[in-house]
Amino acid sequence: MRRNGVFILLWTCAAPAFAQGLSFSAGEQARGENPSTFVVASDGGAINIFFALPASAQATEVSFDIYRVSGNKEQYHATVKSPVSARKTADKQVWFYDEGRYRIYVYDEHDRLLSKGEFTVLKQP
């Protein structure tokens, strides 16, 4: 029993904190406010994806894999790539036309998962 407790503790400590460097904004909002819901025009709207790489990461490009989430299922939406700046940041503006919950996975050029996060898109009436 004690071994299982130690294993769980070690596993928990080794688990990455995924959403740490990932944020979203739209319109006039400043980066880093990281709201979880965006209201876009009836014909769609842009959402900015911003990612600050961990200090230990050596990526030159990241991919933002975008999925629409319905219940427990993910449906692939798009992949967009962004170069990593000298400040170890990457960002991309993406247009969303459909309401729903979206999950973003961030990968480096070696397909290592760096982060993930999600937000909801609503349309103006």
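See the structure printed just above.
Given the structure is predicted, the values throughout are model-derived calculations rather than measurements.

Colleague: What am I meant to see in the overall build of the protein chain here?
Modeller: Counting its regular elements, the protein chain contains 1 helix and 8 strands. Listed N to C, the secondary structure of the protein chain is α-β-β-β-β-β-β-β-β in terms of helices and strands. A buried classification covers 35% of the 125 residues belonging to the protein chain. Taking the intrachain contacts of the protein chain between residues at least 6 apart in sequence as the baseline, contacts between residues at least 24 apart amount to 60%. For the protein chain, the exposed surface amounts to about 8,300 Å²; the carbon and sulfur share of it is 52%.

Colleague: Can you walk me through the pairing of strand β8 (residues 113–123) in this structure?
Modeller: As a general feature of sheets, a regular strand has side chains that alternate between the two faces. Where strand β2 (residues 37–40) and β8 come together, 4 bridges link them in parallel fashion. Looking across to β8, one finds that V40 is bridged to K123. Here 8 bridges tie strand β7 (residues 100–108) to β8, and the two strands are oriented antiparallel to one another. Bridging across to β8, G100 finds its partner in V121. The turn joining β7 and β8, which pair antiparallel and follow one another in sequence, is formed by 4 residues; a positive phi near 60 degrees is taken by D111.

Colleague: Whenever I open this one, the pairing of strand β5 (residues 73–83) confuses me. Can you help?
Modeller: As paired elements, strand β4 (residues 61–70) and β5 share 10 bridges and run antiparallel to each other. Note on β5: the bridge partner recorded for E61 is P83.

Colleague: Would you explain the nonpolar core in this entry?
Modeller: Nonpolar side chains in soluble globular proteins tend to be buried together. Formed by 25 residues in total, the largest nonpolar core has its most connected members in F64 and F119. Mapped by element, the contributors of at least two residues to this core are β1 (22–25), β2, β3 (45–52), β4, β6 (89–96), β7 and β8. Those residues in contact with F119, other than ones at most four positions away along the chain, are F24, S36, F38, I47, F96, G100, R101, Y102 and I104.

Quick notes on the rules
Residues numbered from 1 in each chain as written. Predicted model: local features only at pLDDT ≥ 70, side-chain atom pairs only at ≥ 80, totals over all residues. Heavy atoms only, no water. Helix = DSSP H or I, 4+ residues; strand = E, 2+ residues; numbered from the N terminus. Buried < 20%, exposed > 50% of the residue type's maximum accessible area, 1.4 Å probe, protein only. Contact = heavy atoms within 4.5 Å. Areas by Shrake-Rupley, 256 points an atom, 1.4 Å probe, with all protein chains shown as cover. Pairing = 2+ DSSP bridges. Core = buried A, V, L, I, M, F, W, Y, C linked by side-chain atoms within 4.5 Å.

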